[in-house]
Every structure is written in C-alpha cells, then in structure tokens.
Amino acid sequence: MSTQLTAKTAAINSIRIALKLVANDQTSFAPAQNADDIFAAIKPCSLAQVIGESAIDLEIDVSSLDAGIDNLATASQQTLSFSDYFAQAIAHIEQQHTVLLNHPAIPYRVLMMPAIVAAKHRCHPHAYLTGLGEADDMPSAINAALAQAKRAHIKPTQVDATQLTSYKDKFAQLVMLIGSIATRSVPNAVSANQPTDAQYWFTEMHQNRVASFNFSEGIKQHSAVFVQGTELAQASSLVDENRLFLPVSANDLGSMKQQLQQLSTQLAALPDHNDKSSSTAISFMLSQLKQFDQTQPLSAVVMANSVTNAVSEINVMLSAIDKAETTAENEVKVQAKSNLSIEHKTPSGSCFHLTSDKVIGNNGLCFVYPGVGTVYPQMFAQLPQYFPALFAQLERDGDVKAMLQADCIYAENAKTSDMSLGELAIAGVGASYILTKVLTEHFAIKPDFAMGYSMGEASMWASLNVWKTPHNMIEATQTNSIFTSDISGRLDCVRQAWQLEHGEDIVWNSFVVRAAPTEIEAVLADYPRAYLAIIQGDTCVLAGCEQSCKALLKQIGKRGIAANRVTAMHTQPAMLIRDNVQAFYQQALHDQDVLNAQASSIKFISAASQIPISLTSQDIANSIADTFCQPLNFTKLVNNARHLGARLFVEIGADRQTSTLIDKIARTAANTDSHLNAPLSAIAINAKGDDQTALLKCIAQLISHKVPLSLQYLTENLSHLLTASIARENRQQSQTAQLAPQLEGEQS
C-alpha cells in the first residue's frame, strides 16, 4: 500500500465514510432499455440538491490517471494511483470535509463525506466505505479490509476489477457497485455480456449487504469494503414509451366510442418513437392517467408496446363495441329484448367489459389464494426494481430470503420439483403475501371477500393482516413433522392408517382426471388405498397408492395426469393429524384496531364452512385444519362465494392455478343453477414471464370492472421517468449542437 494510503486508512476505524452517487450533468445517459445502462435506477439528484456546490472541499478528476497511461512519456512521471486517490479523499474526510470523485465520461460522480456530515445535510448515502486493505495476494487484502471494517465474520460479495487496466473502467465499476447496493441487485462485472435483468441481492435476515471491491496496482492487491446505506434506488416505472397504459372513462357507450376515437386521433399525431422523442409519448400517457375519471360509469384501458400498436388496439376495441351493438339490435328485432354484452380483452392487455349495463367489481371483489405447488423458478425476479420500498419493508419485517425460498427459486437451473412440501408452502405464502401488498398498499385495492384453495387458506390469513407475526411461521413450517414426515416424506400418517411396518415402502402419487366425482365415488370402495382428494370443476384429483389409483382409473376408463408430488393432504389419513394442524395454525391475531381498519370489512370464506369465518384465533385454526385434512370441494367453495356475493375473483399468487378452474366452474354452474347466472370473471395477477406486464393486465381489468383503486403509484414513477427522459434529450441536443460546428469545419 502506498505510504499515503497506509497513513490514512486508520481514519476509517473512527469514522464511517458515506458515499452518494450524484448526477454528472455533462454526461449523456444511455437509453433506459440498453443493457449497458447501469445507472437508470439511481435518482438523478444534483450536488445542489444534496449539499450544495460550495460545500465540496476537494474534487478529484479520475480521468487524469488515464491521460498519463495514454502518454508513455507522462506515464513514467505518474505518481498517483487509484488507491492514492482513496488516500487523498480519506485525508480530507478525516477533517470532516467532503470529497467528489469524478470522471467526465461516467454519468455519476461519487460524493464522499463522514457519516456525521451526511446526517447534518440530511443526505441518505447509497453506501458506506468501511475498510481498505492491501497485500501481496487478494485473499489477504480482503481479510485486512474486512478486519478494518469489523466484519471479519462476513463473507462479502466480491467485485473483481483486477483485470481492468483503464482507470475509467475501474471508476465505472466502482460506481456500478454503489448503484448495485442502492438497487439491492447482485453486482455484475463490467462486460459486453452484462445481463439486462439484475438479480435481487438477497441477504440473511437483518443483515446489510456487504461487498469488497478488488483491484490491482503494480504488484499489490487492494480491496475496499462497502456496506449498504439508507438510500434506496428510484422505483422503475411500470409503464413507459414501450409499455403504454391508457385508461379511458365515459358516461355511456356512445361517449366511450367518442373518447376512444379521440384518443386514436391524438395518438396518431404523436411522432414516431425514438430516443429523442420518448418524452412525448410519456408526457401524453401521464396526462391521460391524471385525467382519468373513475367515477364515470364506464372504463376501458388500452395497452400496447408502441403508439402505432395502441391505435390498432383502439380500432379493434371499437369494432368489438360495434359488433356487440349490432348483435343487441338484432335481438331486439327478433326477441323484443336487448342484452348488450361486451367482454373485450386482447393479448396485449387492452380491455373493456360491459354486461347488461352493469359492473361487477365495485362490491363483489374476491381475492383467491392458490394452493401449494404454484411457484416457479425465477418468479417475481423483476418486481424488486418496480417496488423497492416494499421489499425494503419486507426485509425490516422478516426474512425475505426465506419467505421466497430464494436458495431454491432463484438458484441456477432451479427446479421446483426438487423442493419439499414445506419449501413449496413457504414460497407460495410468500408469493401471495408480496402480491397482496402490491395491490393493497400500492394500488389501494380492498377486497370484499377472500378465500383459499387448499393451503391457500393459510396464505389468505397471513397476507390480509389478520395474523400478527406470519413471518414467525417460516422456520416452524420447515421443521414441523406435519410437513416433513406426516403428510409428506415418509407419510407417517398414511403408514399408521394403512397399518404398515416401518420398513414397508409407499409408492404415493396423485392424478388429475377429467371425470365427474360420481364416476370415481361409484368404485372408490373397491380401492381402500385410493382417495378422491379434490373436486374442481370438470376435473378431480385422485391420490393414494399409485397402483390402486391406476387400477381405479382403468376401471372407469379414464386417463389421469400424474402430479408426481408426495402429499396426503385432503385424504382420510390426514385426519389423524387434524388436531396437530389446528394447533400449528392457532396464531396470534393483530390488535383489534388493526383488524378493524384492514380486515374486518372482508368476508373470509372457507371450504370448511358455508358462512364466513369469524376473526378469532380458534375459528381460523379450526377452519384451516378442516380444509387441510378433509377432501376439498373447490367447486362448492366457488359457488358458495358466489351465493355470498363474490363476482370478480382475482388470483393472488404465482402463476394461474385457480383462474381457469373458476371460469370453468362458473360456466358449469350457470348451466345447472339459475341462481348462479350473475356475471362473473376470474383474473390472474401473475403469469410466468413478464411480471410487470401481467400485473398491468390485471390492473387494467380491475379498472374496466370498476374496482375502486389508485393510480398514483403509476403517475408518480412515470413523472420521475419523464423528468429523466427530458433531461437526457436536452443533454443530447446540447451535445449535438456543440458537435455540429466541429463537423462543419471538418467537411469544409
């Protein structure tokens, strides 16, 4: 280590050095969709917004180092190195000064100051520098830095900059690391193959993120240890110029057609999208969102990936309305009655719903929580960048890594088939919990009803602010014999029911079969080790001894799809542990004032009862235990919810397990029960692939069904995006204007 650095690193032992990224107003930002735009999520604050230009005691231009390298004659005289610049900065910081590291080609500069000075200026740092180390080998340098940071027990995330020879690249990597800490995303090395989607940086419960920045100079290896600060990155906007979301409201159908035609004309007048005009489309969308009037009787939403496609979506919607009107007019002529019905939804997400001039979402919204086994690899990988504050709050409340079973879900080549029943259950509840918070806290959506499919009942109570400490159940679910050996694994309750010896094998499986329950029940007595576990619309789930199940299916002439999952839920042997399940789920409830404010207005519907469940710990535990252990009749549950008033079912969980089932159940019930002819719709909030598009499609349908909600989260983040887009375009115009005279001179 240089003499200067050796003399000053001791200062870090007595002070924390706060680091804040501030915008370099002279540098043009890359377009947000570019893979190399590593700074897009950092709030574009200026020095004036943080502490003021006059408060900078030392500004270091890192580019001077590369200037020396480019000139061999100068390089021999070069005395300062990257580590020396750290030393210079620390020397000033030790005197309670502020320092600015800058490179003219990098969009952000690094503001450094003592943590106490940052607090004085109410500046929330993105990270803290807590240790520096130098040695002949990198492991020793890292250990020295960790020891100085008082984190020798921590295994840091390592950022390797040892192969970078350009000081510009080293500084860019440093800025990237600080940005990664702010965005809570796993740091990536500078490379042309850098992935567009960063992976969320999970940590152990209540542990800050720690990273070592490793670089080489001469024959020495250097390491700097950074710890996360209190500043979060700006939430990315769910909508942008490539993901248009345009709600339209009207008083009647004629007015709706007029509004859509006007929107089409306005869109057609916008310029074609390019990097220099993206703000035009964003500004137009922001205006459309702000003027949207939810109090109007009718609402529609146009979604598209470009202005041109948005015009096409509007034309298709207008055609659908015209067709519905023509059909209704013909009915009047033939049958002397009018039944105008419009159920318009496109693959892009545009939608408009009208059924007999009535809406179904303003007092019949039901949250549906799916059962175990719906989670999938990399689910919700994109959500943290759109809801950073939510994930930060979840980290303060509990163990997000365990809640989502991150080691399984986000592992390379992850397979959910390798996960245990307990792991699947935990991840499923975690998925539902997060999506519930997105809808209720960020879009102010409040359900009138809630119900769960199988273990989804537990997700329901955990997610809707009924249980006080649902996070505490994670470890218990991983270790309790209910999930590890009773109805999964060794299947101890099955062994007991079948009176098997300890060493006898059980070959267990479950099969989804398209058959009426009566077809299976007619022969079930002949197969005592096969069970009708679930009834769900036009299919059933048969579980038990694999050989018995296959024989039963052969007898009734049906083919079954094997689930290849070992669980004895909803079978007779599970009743042997019913009391254990009841005790496990008897959890403390939130204080009464919280229940009154957030949950008391919701009717909680259970498969175990015809009437909503009372908000008592005992009643909830009994309900879950009965649902868990008894055969599940999901058809009966859905129809009961409809009898109670539920009309719009929104699936709150990973993928779309229940939405298709509910649609099928609704069609079947409408044909057999005149009391169940009321309009009904089922919506999934998530689908494998594009998290944000699936969420927006759900929000669009809720709007079209007239569910009361807030679009403030969309408009706030779109406003930030508009500000950044305008700033980028202004910088590009300025650079073009400066370059034009030079190009003219070259041409002349």
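Scroll up to find the structure.
Below, the structure is looked at part by part. From a predicted model like this one, the values you see are computed outputs, not experimental measurements. (Residues numbered from 1 in each chain as written. Predicted model: local features only at pLDDT ≥ 70, side-chain atom pairs only at ≥ 80, totals over all residues. Heavy atoms only, no water.)

Moving on: the overall build of the chain. Looking only at helices and strands, one finds 29 helices and 22 strands in the chain. Among the 748 residues that make up the chain, the fraction classed as buried is 55%. Long-range pairs, those at least 24 residues apart, make up 77% of the contacts in the chain with a sequence separation of at least 6. A total of about 32,200 Å² of accessible surface is found on the chain, and carbon and sulfur atoms cover 48% of it. (Helix = DSSP H or I, 4+ residues; strand = E, 2+ residues; numbered from the N terminus. Buried < 20%, exposed > 50% of the residue type's maximum accessible area, 1.4 Å probe, protein only. Contact = heavy atoms within 4.5 Å. Areas by Shrake-Rupley, 256 points an atom, 1.4 Å probe, with all protein chains shown as cover.)

The tally for this structure, following the rule as stated, stands at 15 aromatic pairs. Joined through ring pairs, the aromatic side chains of Trp 467, Phe 483, Phe 584, Tyr 585 and Phe 628 make up one cluster. Here the guanidinium or amino end of Arg 16 rests over the ring plane of Tyr 128, the centre of that ring lying 3.8 Å away. Over the ring of Tyr 433 we find Lys 437, and its NZ or CZ is 4.9 Å from the ring centre. (Phe/Tyr/Trp six-rings, centres within 6.5 Å; stacked < 30°, edge-to-face > 60°. Lys NZ or Arg CZ within 6 Å of the ring centre and 35° of its normal.)

Let us look at the sheet that holds strand 15 (residues 508-513). Pairing is mixed across the open sheet formed by five strands, whose spatial order is 18-15-17-16-20. If you trace the sheet from one side to the other, it starts and ends with strand 18 (560-562) and strand 20 (632-633), each paired once. As defined by bridge partners, strand 15 adjoins strand 17 (residues 539-545) across six bridges and the pair is classed as antiparallel. Of the residues in strand 17, the one forming a bridge with Trp 508 is Cys 545. Set on the sheet, helix 22 (residues 546-556) makes contact with strand 15, strand 16 (530-536), strand 17 and strand 18; between it and strand 17 the angle comes to about 140 degrees. (Pairing = 2+ DSSP bridges. Axes fitted to C-alpha atoms, helices over the stretch in contact; angles between N-to-C directions.)

Most of strand 7 (residues 210-217) sits inside the fold, with eight of its eight residues counted as buried. In this sheet, strand 8 (residues 220-228) lies alongside strand 7 in antiparallel orientation, the contact comprising eight bridges. Within the sheet, the bridge partner assigned to Phe 215 lies in strand 8 and is His 222. Once strand 7 ends, the chain turns through two residues before running back antiparallel as strand 8, passing Gly 218 with a positive phi of about 65 degrees.

Our next topic: helix 25 (residues 617-629). The first and last C-alpha atoms of helix 25 sit 18 Å apart over 13 residues, in line with the 18 Å expected at 1.5 Å per residue. Turning to helix 25, its buried residues number three or more, namely Ile 620, Ala 621, Ser 623, Ile 624, Ala 625, Asp 626, Thr 627, Phe 628 and Cys 629. Buried residues along helix 25 sit in contact with helix 17 (456-463), helix 19 (481-486) and helix 23 (578-584). (Expected span 1.5 Å × (residues − 1).)

On the secondary structure map, Ser 606 appears in the loop between strand 19 (603-605) and helix 25. A polar contact of 2.7 Å, which involves the side chain of Ser 606, links it to the side chain of Ser 623. Residue contacts for Ser 606: discarding those within four places in its chain leaves Glu 457, Ile 613, Ser 623, Thr 627 and Leu 637. (Polar contact = N/O pair within 3.5 Å; in protein donor to acceptor, adjacent residues only side chain to side chain.)

We now examine the pairing of strand 17. Judged by how many residues are buried, strand 17 sits mostly within the fold: seven of seven residues are covered. Judged from the six bridges that link them, strand 16 and strand 17 form a sheet pairing that is antiparallel. Paired with Gln 536 across the strands is Thr 539, a residue of strand 17. Counting the residues in the hairpin turn of strand 16 and strand 17 gives two residues, including Gly 537, whose phi is positive at 70 degrees.

Glancing now at the packing of helix 17 against helix 25. Orientation of helix 17 relative to helix 25, taken along the N-to-C sense of each, is 155 degrees, at an axis distance of 9 Å. Of the possible angle classes, the one that applies to helix 17 and helix 25 is roughly antiparallel. On helix 25, the residues touching Glu 457, Ala 458 and Trp 461 of helix 17 are Ile 620, Ser 623, Ile 624 and Thr 627. Looking at side-chain class alone, the contact of helix 17 with helix 25 contains four nonpolar, two polar and one charged residues. (Parallel < 35°, antiparallel > 145°, perpendicular 65-115°, else oblique. Nonpolar A, V, L, I, M, F, W, Y, C, P; charged D, E, K, R; others polar.)

To continue, consider the environment of Ala 310. Looking at the element boundaries, Ala 310 is found in helix 11 (residues 307-335). Here the alpha-carbon distance between Ala 310 and Arg 243, two residues 67 residues apart in the chain, equals 9.9 Å. Apart from residues no more than four positions distant in its own chain, Ala 310 is found in contact with Leu 244, Leu 267, Val 302 and Ala 304.

Another aspect to go through is the packing of helix 16 (residues 421-442) against helix 17. In the contact formed by helix 16 and helix 17, the axes pass within 9 Å of each other and the chain directions differ by 40 degrees. Between helix 16 and helix 17, the angle falls in the class oblique. Here helix 16 runs over helix 17; the crossing is right-handed. Along its contact with helix 16, which presents Gly 428, Val 429, Ser 432, Tyr 433, Thr 436 and Lys 437, the element helix 17 presents Ser 459, Ala 462 and Ser 463. Broken down by class, the residue content of the contact of helix 16 with helix 17 amounts to three nonpolar, five polar and one charged. (Left-handed = near helix turned anticlockwise from the far one by under 90°.)

This brings us to the environment of Met 303. Following the sequence through the fold, Met 303 ends up in strand 10 (residues 298-304). A C-alpha to C-alpha distance of 9.8 Å links Met 303 and Val 239, two positions 64 residues apart in sequence. In contact with Met 303, not counting residues within four places along its chain, are Leu 244, Phe 245, Glu 313, Ser 348, Gly 349, Ser 350, Thr 693, Leu 696, Lys 697 and Ala 700.

Right, let's get into the environment of Phe 213. Note that Phe 213 resides in strand 7. Taking the C-alpha atoms as reference points, Phe 213 and Thr 157, 56 residues apart in sequence, are found 8.8 Å from one another. Aside from chain neighbours lying at most four places away, what touches Phe 213 is Phe 82, Val 159, Ala 161, Lys 170, Gln 173, Leu 174, Leu 177, His 222, Ser 223, Ala 224 and Phe 226.

Our next topic: empty space enclosed by the protein. Evaluation of the coordinates by the stated rule reveals seven cavities of 30 Å³ or more. Its boundaries defined by the atoms lining it, the largest cavity holds a volume of some 240 Å³. Along the wall of the largest cavity there are 16 residues; nearest its centre are Val 429, Ala 462, Pro 470, Met 473 and Ile 474. For the lining of the largest cavity, the secondary-structure elements that each account for two or more residues are helix 16, helix 17 and helix 18 (473-479). (1 Å grid on protein atoms, 1.4 Å probe; cavity = no way out; pocket = protein on both sides within 12 Å on 5 of 7 lines; lining within 4 Å. Points joined across faces, edges and corners; volume = space filled by probe spheres on them.)

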